[in-house]
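# Residue-level structure breakdown
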Amino acid sequence: MSQPLLYQLNTRCWLRELAEPGGRRRSLANVPDELVAGWQRRGFTHVWLMGVWTSGPAAREHALTAAGLLAEFDDVLPGWTDRDVAGSPYAIASYTVPRDLGGHSGLKKFRRQLHKHGLKLILDFVPNHVGVDHPWCALQPALFVQANLADVLTVGSGTARAPVRLCHGRDPYFHPWTDTVQLDYRRAETRALMTGELKRIAELCDGVRCDMAMLLLSDIFAQTWRAHPCRGEAAPGEFWLEAIAAVREQRPDFLLLAEAYWDRERDLLKLGFDFAYHKPVTDAIYERPAVVQRVLLDSADWLPRGAHFLENHDERRAAIRLDLDPHRVAAFAMLTLPGMRLLHEGQLEGFRIRTPVQLVRRPPEAVDSAVQALYERLLSIVAKTAVGRGKGEVLMPRAAWEDNPTAKWFVLVQWQVAPEEFYLAVANLAPHPSQCYAPLSVAGLAQSDWQLFDLLGDQGHERAGEELQTRGLYLDVPAHATQLFQFRPVK
């Protein structure tokens, strides 16, 4: 399976900032070609347009009246006005592209532009719920979870004919999203209609990022909505199994990325997803870097199908959570892992402000030249090597000597594309020097001696193949340092 490098854009803010000479706004129909060519040069394979679908006036009104959001707007964008606010892109009124973003014709043109440069387009699919403006809420209320009269916190909306009470969408660990209405996946009709929506989206792009995908797993759904019985006959089986099979029949190469939490990534991958969020790695990087290696090795069975990231629109910015040296080593570790690598708009420039998704204007930020140089160098090196191509494997280091615990701080990833050429990515996440032996996993390693050259430094070495096979490669790495060794046999 390929190792995608995905670039996430906040579509509404990004297009607003791409003003033409004279200040006229751009749309998806006239994105500068040099911008797309630049993504290709950096090694990106996919672009995720976050927030391209239509939200409605009721969702926007919610954004303009929710006290918590207003406080966040004041903090992020002092002096904001109503014109800077739209409905949440995750409170979808319809899977259509608004005219001011370029409409469907603009989206198709942008997709052709990406394809010309060898990139593919990823869009959002928000399966758990729809926005309060969605026409189904009034026309087909049976598609939604019906609220019990006593459960006033989840009352959603009704119809003109009868006072139907609908539940808001929710994650069971948080308060309901009151600008949304919860679809009922226990009903066959709901599943069929949402499968149809997914198939229509698949005609417009090359893959989807499925929002909160684990909420639709049958056991999670049943537990979340146990207080609100299904109004009708419940459908058996898993929605994702049916829906993904239907899309695969239409588009065998269509990419499906699951936003996933709660240790349910394996379940979603078994149902047909290509990749799933690997959030435990992200959390460990920030909170307990000494356990990152263990998290990676514990997930070795599905690691090549994990989506690895330091930030996205839901996370705090990496540049504000990590100083430059820890940032450098964390970014290197993420970029050299097998699986999907996700980079967020503004991450490459060291931006520090996380913009709420309801805002269509962002505050201007100065580029952090040190962070920018960090990513430019890493992306350039990765693009020129076998990293992200061929076979990637996370190695478990051995202690350099008894009573030396520093081996646990390493992330070691071996990449191989040919019998006589392989790479070893070395990341020391510790704030101190660390030592270990890297147990290389290469067939015929002992049959020749090897030249090693560190592509991130200026050092070359020779090592005996027999020693590498029996003991491994000895590493003594400074604090928060990285190495990328290219191995070639001595001729």
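For the structure given in this document, a descriptive report is provided here.

The final tally for this structure, using the stated rule, is two cavities of 30 Å³ or more. Quantified by volume, the largest cavity comes out at close to 90 Å³. Asn-10, Met-50, His-313, Arg-317, His-344, Glu-345, Ile-353, Arg-354, Thr-355 and Arg-362 together form the lining of the largest cavity. The space that makes up the second largest cavity amounts to roughly 40 Å³. Lining the second largest cavity are His-308, Phe-309, Leu-310, Ala-331, Met-334, Leu-335, Arg-341, Leu-342, Leu-343 and Gln-347. Split by residue class, the lining of the second largest cavity holds seven nonpolar, two polar and one charged.

Here we take up the pattern of salt bridges. For the structure shown, the criterion picks out 27 salt bridges. Between Glu-72 and Arg-354 there is a salt bridge, with its nearest N and O atoms 2.6 Å apart. With Glu-72 in helix 4 (residues 67-76) and Arg-354 in the loop between strand 10 (340-344) and helix 15 (369-383), the pair connects residues that are 282 residues apart, well separated along the chain.

Roughly 1,000 Å³ of internal volume is contained in the largest pocket. Lining the largest pocket are 34 residues, and of these Trp-177, Met-212, Asp-314, Arg-354 and Val-357 sit closest to its centre. For the lining of the largest pocket, the secondary-structure elements that each account for two or more residues are helix 4 and helix 11 (279-287). Class assignment for the residues of the lining of the largest pocket results in 12 nonpolar, nine polar and 13 charged.

Conventions adopted
Residues numbered from 1 in each chain as written. Predicted model: local features only at pLDDT ≥ 70, side-chain atom pairs only at ≥ 80, totals over all residues. Heavy atoms only, no water. 1 Å grid on protein atoms, 1.4 Å probe; cavity = no way out; pocket = protein on both sides within 12 Å on 5 of 7 lines; lining within 4 Å. Points joined across faces, edges and corners; volume = space filled by probe spheres on them. Nonpolar A, V, L, I, M, F, W, Y, C, P; charged D, E, K, R; others polar. Salt bridge = Lys/Arg side-chain N within 4 Å of Asp/Glu carboxyl O. Helix = DSSP H or I, 4+ residues; strand = E, 2+ residues; numbered from the N terminus.

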